[in-house]
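# Observations on the model geometry
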Amino acid sequence: MNGVINIGIKIFRSLVRILILAGVLGVSACVTAPAKKATYTTKIYTFNSTNRGSYRPVIAMIAMPLKAKGPLPVIITQHGSSRDGIVFPGGRGQTDEYSTRLVYEGTKRGFAVAAIDAFYKTRIQPGDKTKFPNAHQYALDLKTILASDARFDRANIFYTGFSYGAGQVNKSVDIGVDFKSVHWRAVASAEPGCNVISEPVKVPFPILLIKGSESHYYVEPCQYFVRLLRAAEVDVTLSVIEGGNHFFSTDGRITRGKAVNGCRFNPVIRKQEGTLQFADGSLASRRLIKEKCFTSEAGSGKNRLLLDGVIDRVLNFFAANKT
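So, on to the nonpolar core. Within the largest apolar cluster, 49 residues are counted, with the highest numbers of intra-cluster contacts made by Ile 76, Ile 116, Leu 142, Leu 146, Phe 152, Trp 184 and Leu 209. Of all hydrophobic cores here, the second largest spans 32 residues; its members include Val 113, Tyr 120, Val 314 and Phe 317.

Turning next to the packing of aromatic side chains. Taken as a whole and judged by the stated rule, the model has 11 aromatic pairs. Linked through ring pairs, Tyr 98, Phe 162, Phe 247 and Phe 248 together constitute an aromatic cluster. In this arrangement the basic side chain of Lys 143 is found over the ring face of Trp 184, its NZ or CZ atom lying 5.2 Å from the centre. Above the plane of the ring of Phe 278 lies Lys 292, whose end atom (NZ or CZ) is 5.2 Å from the centre.

Right, let's talk about the side chain of Asp 96 for a bit. Along the chain, the position of Asp 96 falls in the loop between β4 (72-78) and α2 (97-108). Among buried charged residues, Asp 96 stands out as having no salt bridge; its nearest opposite-charge side chain is Arg 304, 7.1 Å away. From its side chain, Asp 96 meets the backbone nitrogen of Gly 80 in a polar contact 2.9 Å long. Those residues in contact with Asp 96, other than ones at most four positions away along the chain, are His 79, Gly 80, Ser 82, Arg 83, Asp 84, Gly 85 and Phe 162.

What follows covers the environment of Ile 269. If you trace the backbone, Ile 269 turns up in strand β12 (residues 268-270). Distance in space between the C-alpha atoms of Ile 269 and Pro 200 is 9.4 Å, their sequence separation being 69 residues. Those residues in contact with Ile 269, other than ones at most four positions away along the chain, are Ile 197, Ser 198, Glu 199, Tyr 224, Leu 228, Thr 275, Leu 276, Gln 277 and Ala 279.

Our next topic: the pattern of salt bridges. Throughout the structure, instances matching the rule amount to 13 salt bridges. The salt bridge involving Lys 108 is made with Glu 105; its shortest N-O contact spans 3.4 Å. Placement of the pair is Lys 108 and Glu 105 together in helix α2, with a separation of three residues, close to one helical turn. Since its relative accessible area comes to 59%, Lys 108 is described here as exposed. On the basis of relative accessibility, which here comes to 31%, the residue Glu 105 falls in the partly exposed class. One continuous salt-bridge network, built from bridges that share partners, spans Asp 84, Lys 302 and Arg 304.

Reading the values: rules and limits
Residues numbered from 1 in each chain as written. Predicted model: local features only at pLDDT ≥ 70, side-chain atom pairs only at ≥ 80, totals over all residues. Heavy atoms only, no water. Core = buried A, V, L, I, M, F, W, Y, C linked by side-chain atoms within 4.5 Å. Buried < 20%, exposed > 50% of the residue type's maximum accessible area, 1.4 Å probe, protein only. Phe/Tyr/Trp six-rings, centres within 6.5 Å; stacked < 30°, edge-to-face > 60°. Lys NZ or Arg CZ within 6 Å of the ring centre and 35° of its normal. Helix = DSSP H or I, 4+ residues; strand = E, 2+ residues; numbered from the N terminus. Lys, Arg positive; Asp, Glu negative; His and termini not counted. Salt bridge = Lys/Arg side-chain N within 4 Å of Asp/Glu carboxyl O. Polar contact = N/O pair within 3.5 Å; in protein donor to acceptor, adjacent residues only side chain to side chain. Contact = heavy atoms within 4.5 Å.

So this is what it looks like as structure tokens:
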């Protein structure tokens, strides 16, 4: 009897291994598969995009509600400097906690949510600020891809991001942006640094900026950016989350680490002609930005008690601006 039982156990274990292997192969092949609690499905997109004059591979995970009927409104979301959120199916990419929660909550509300891994196939670490790519171009390229897909509503494509990702969102008002005829419907920038900003031009979509009152990326440069946006007749809203640090947490504290927050009262502006200028009118350069805007004053504390409220605010903003 024991021999029969042992044989049965061996057969069972073999079947389990086969099923696991089949699941891994299915995900690696980018077959659409149910995600957490089977409330949405995911699909992996890979494409080539430009960064500093050369093409490089980019990966994105698209999460789509199971029961939604298309065409779906789409949110493209960009991670911050730390990818501390969900790993894409097959382990070929990752996003951050902000985008992770946006995927879960956005799909519940009928949005498709596309999370870009801007550091895919690189060795970029959170402290490598000068090596971060121009992920705004990645988002524009992905927008063009999704706008041509009948499953998605090209009139309702939104863009958001956290921290480094928020800085990419802020580039949406730059005069040099080529939207390829399809503009964003609305954009939301969660905890941008605003120490280096674009000289804005009028765009046909609203922008929401969200800051934590206790962030080590101080609110003053973003307030200056808002004044520039309003002078350019951009529809902008600045929301400050009281008691929240950079991570929308209530346990924030200042620590030692690299941050681009030294131009608190004199941010750098990327001018339309391609030059750099401090807010006081003096000329800036990459060398001066590194000398004056980079500091060792970082922030910590990640209980993220206020983050769900921020996600809710972003989704409400997008829902209110759908056609």
